[in-house]
Amino acid sequence: MEQQNTSVTMEKIVSLAKRRGFVFPSSEIYGGFAAVYDFGPYGVELAKNIREAWWQAMVHDHDNIVGLDSAIFMHPRVWEASGHIGGFSDPLAECKKCQTRSRVDHLLEEIGVQADEKMTESEINALFDEHKSKIACPKCGQKEWSEAKNFNLLVESNLGDFTGTGENKTYLRGETCQGIYINFKNVLDSTRVKVPFGIAQIGKAFRNEITARQFIFRKREFEQMEMQFFVHPSEAERFYNEWKEKRFQYYIDLGIKPENLKWHEHENLVFYAKAAWDIEYRYPFGFKELEGVHNRSDYDLTQHSKFSGTDLSYRDPMTNEKFMPWIVETSVGLDRTFLAVLCDAYTEEEISEGDTRVVLKFPKKLAPVQVAVFPLMKNKPELVTKAREVFDMLRPHLRCEFDDNGNVGKRYRRQDEIGTPACITIDFDTLENDTVTVRDRDSMEQCRVAIAELKNYL
Ligand code: GAP
């Protein structure tokens with residue numbers, strides 16, 4: 001069997017994701033809804049397995065990290081304190097011909113010019129003015145641009161605004177970690193944790209992203225898996241380096257190919273960060289941010305103390321020292337992990353001349369279906385009954401699917417595209433000797449296994 005040197009393209013990934021029920025464009029029957037996507041039946045399983053792997057690695061494998069599930073809506077002052085109302089924006093410019101809006105830093109990046117994240121609106125405008133005559137609109141190809149304007153990414157809501165005045169505007173959260181900071185004191189007061197300790201959370205976040213491209217890499221409604229580790233200021237650097245190492249290793253342990261991962265250091269830091277490194281994955285469109293590991297200093301707890309009037313400093317019970325904890329943050333998007341896992345697993349193989357199969361070689365713990373059970377023929381009730389028995393026996397232990405549709409060859413191909421590691425066929429020999437055929441996804445080898453041994457074998 002020859003492994004083809006085909007590069008994974010986004011077209012192939014998007015098409016497979018739709019065809020096999022991993023990801024659907026949202027509201028498709030209404031023409032779609034930009035940068036919003038739905039997980040289909042296999043996608044929702046893969047997403048759940050990714051969430052569980054992260055939760056296991058961050059919460060259950062550490063005795064000093066606890067979980068939280070804070071609300072999506074928070075007090076409007078949270079976003080003032082966090083700096084999002086003032087500083088959470090991207091520079092935007094409009095094509096004068098077709099009115100398509102694009103992110104100015106991305107447009108500049110396309111021609112090799114790096115924009116500084118800290119630039120003011122007039123600074124980025126000056127840089128854009130210098131180069132915009134060379135930049136083509138990604139939609140119509142023209143090179144006529146409006147001025148660059150900062151566009152705030154927070155998504156507004158009218159929650160509780162019954163008079164329609166728009167005062168005390170509420171927002172859908174732009175990042176999940178703010179819910180952790182505002183519960184820092186609650187967690188300290190209600191559990192046995194002591195600094196250094198962490199709080200982990202998985203949940204939805206919302207951003208008015210300007211550019212709606214690159215499939216689920218940049219969504220307007222997405223999910224974050226964030227952990228905030230609270231430390232003494234003198235230990236921030238040590239813990240920062242420790243977490244950097246742990247998080248990189250996490251992806252290797254998850255089964256991602258090491259050659260598709262690398263570090264990227266942010267030279268220009270956002271307002272809250274003292275250090276920021278990204279773990280990048282080699283997506284079909286290049287190495288891009290998968291996870292951010294940030295040293296956020298005492299910025300967040302200091303700001304929330306100031307704005308809420310509640311002192312969030314910590315008194316060490318052993319030394320009696322009072323200090324404002326620093327925060328080491330690890331922050332990854334569920335959707336970006338999903339896309340990385342999908343791209344990493346995507347393989348095309350020539351199995352005989354002119355016959356190619358597509359197979360998703362998911363790590364076993366992430367595969368949406370771990371074992372598929374087939375009766376050889378669906379019109380033989382004795383085979384179907386036996387196959388149901390095997391299916392019911394395995395179901396409490398593994399994620400199983402029963403499939404009796406089409407010929408067995410077609411069922412193998414379908415399960416390959418879903419990424420199912422093992423397929424079991426119940427045939428006429430099974431009725432004689434209680435053995436089944438087990439076919440391995442990656443090698444495609446088949447062997448006979450006694451039903452009594454199946455659970456251990458798998
Ligand atoms: N709390 C820090 C924070 O939110 P960020 O770099 O803005 O930092 C963290 O986001 C992670 O969230 C990113 O590394 C990425 O995986 C994910 N993410 C951010 N924006 C996203 C979007 N529009 N769509 C999908 N994932 C996104």
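Preceding block: the structure.
Residues numbered from 1 in each chain as written. Predicted model: local features only at pLDDT ≥ 70, side-chain atom pairs only at ≥ 80, totals over all residues. Heavy atoms only, no water.

Trainee: Any chance you could explain the packing of helix 2 (residues 41-60) against helix 9 (residues 236-254) here in plain terms?
Mentor: For any two helices packed against each other, one specifies the crossing angle of their axes together with the interaxial distance. Where helix 2 contacts helix 9, the axes come no closer than 12 Å and their chain directions differ by 140 degrees. What the angle tells us is that helix 2 and helix 9 run oblique. The chirality of how helix 2 crosses helix 9 is right-handed. From helix 2, Ile50, Ala53, Trp54, Ala57 and Met58 reach across to helix 9, where they touch Trp243, Arg247, Tyr250 and Leu254. A breakdown of the residues in the contact of helix 2 with helix 9 according to their chemical character gives eight nonpolar, no polar and one charged. (Axes fitted to C-alpha atoms, helices over the stretch in contact; angles between N-to-C directions. Helix = DSSP H or I, 4+ residues; strand = E, 2+ residues; numbered from the N terminus. Parallel < 35°, antiparallel > 145°, perpendicular 65-115°, else oblique. Left-handed = near helix turned anticlockwise from the far one by under 90°. Contact = heavy atoms within 4.5 Å. Nonpolar A, V, L, I, M, F, W, Y, C, P; charged D, E, K, R; others polar.)

Trainee: Can you walk me through the packing of aromatic side chains in this structure?
Mentor: For any pair of aromatic rings, geometry is given as the distance between the ring centres together with the angle between the planes. Under the counting rule described, the total for this entry stands at 21 aromatic pairs. For the pair Tyr314 and Phe323, a centre-to-centre distance of 5.6 Å together with 65 degrees between the ring planes defines the contact as edge-to-face. Taken individually, Tyr314 and Phe323 each receive the classification buried, so the pair is uniform in this respect. With 5.6 Å between their ring centres and 65 degrees between their planes, Phe391 and Phe402 make a pair best called edge-to-face. Taken together, the residues Phe391 in helix 12 (residues 381-394) and Phe402 in strand 21 (residues 400-402) connect sequence positions 11 residues apart. In this structure, Phe391 and Phe402 share a single accessibility class: buried. The rings of Phe217, Tyr281, Tyr283 and Phe285 are connected pair by pair, giving a single aromatic cluster. Taking the ring centre of Tyr250 as reference, the NZ or CZ of Arg247 above it sits at 4.1 Å. Over the ring of Phe402 we find Arg388; its NZ or CZ atom is 3.9 Å from the centre of that ring. (Phe/Tyr/Trp six-rings, centres within 6.5 Å; stacked < 30°, edge-to-face > 60°. Buried < 20%, exposed > 50% of the residue type's maximum accessible area, 1.4 Å probe, protein only. Lys NZ or Arg CZ within 6 Å of the ring centre and 35° of its normal.)

Trainee: I keep staring at the pattern of salt bridges and nothing clicks. Help me out?
Mentor: Any two side chains of opposite charge can pair, on the condition that their charged atoms come close. The full count for this structure, using the stated rule, is 38 salt bridges. Its salt-bridge partner being Glu242, residue Arg238 comes within 3.4 Å of it at the nearest N-O pair. Of this pair, Arg238 and Glu242 both sit in helix 9, four residues apart, roughly one helical turn. Arg247 serves as the salt-bridge partner of Glu291, at 2.8 Å between the closest nitrogen and oxygen. Of this pair, Glu291 sits in strand 14 (residues 286-295) while Arg247 sits in helix 9, and the two are 44 residues apart along the sequence. Judged by its relative accessible area of 0%, Glu291 falls in the buried class. Sharing partners across several salt bridges, the network here consists of Glu349, Arg357, Lys361, Asp416 and Arg439. (Salt bridge = Lys/Arg side-chain N within 4 Å of Asp/Glu carboxyl O.)

Trainee: Is there a simple way to think about the nonpolar core in this case?
Mentor: Most often, soluble globular proteins have nonpolar side chains that are buried together. By size, the foremost hydrophobic cluster in this structure holds 60 residues, and its most contacted members are Phe22, Trp54, Tyr251, Phe338, Leu339 and Phe362. When residues in this core are grouped by element, the largest group, nine residues, is from helix 2. Other than its neighbours up to four places away in sequence, Trp54 contacts Val59, Ala200, Gln201, Ile202, Met225, Glu226, Met227, Arg247, Tyr250 and Val332. Of all hydrophobic cores here, the second largest spans 19 residues; its members include Phe391, Ala422, Val449 and Ile451. (Core = buried A, V, L, I, M, F, W, Y, C linked by side-chain atoms within 4.5 Å.)

Trainee: Would you take a moment to explain the site of the ligand for this structure?
Mentor: The environment of the ligand is formed by 22 residues, the closest being Glu175, Lys219, Glu226, Glu289 and Leu290. At the level of elements, strand 11 (221-231), strand 14 and strand 17 (326-333) are the ones that each hand at least two residues to the shell around the ligand. (Near = heavy atom within 4 Å.)

Trainee: Got a minute to help me understand the environment of Ala136 in this structure?
Mentor: Take Ala136: it is sitting in the loop between helix 6 (121-131) and strand 7 (149-152). Taking the C-alpha atoms as reference points, Ala136 and His397, separated by 261 residues in sequence, lie 55 Å from one another. Residues contacting Ala136, with those up to four places away along its chain left out, are Gly141, Gln142, Lys143 and Trp145.

Trainee: How should the pairing of strand 19 (residues 355-360) be read in this particular structure?
Mentor: Looking down a regular strand, the side chains alternate between one sheet face and the other. Of the strand pairs in this sheet, strand 18 (residues 346-352) and strand 19 are connected by six bridges, and their pairing is antiparallel. The residue of strand 19 that forms the bridge with Thr347 is Val359. (Pairing = 2+ DSSP bridges.)

Trainee: Got a minute to help me understand the environment of Asp416 in this structure?
Mentor: Among the secondary structure elements, Asp416 is positioned in helix 13 (residues 408-418). Owing to a relative accessible area of 0%, Asp416 belongs among the buried residues under this scheme. A C-alpha to C-alpha distance of 48 Å links Asp416 and Ser190, two positions 226 residues apart in sequence. Not counting residues within four places of it along the chain, the set of residues in contact with Asp416 comprises Arg357, Val358, Val359, Leu360, Arg439 and Arg441.

These figures capture arrangement, not role.
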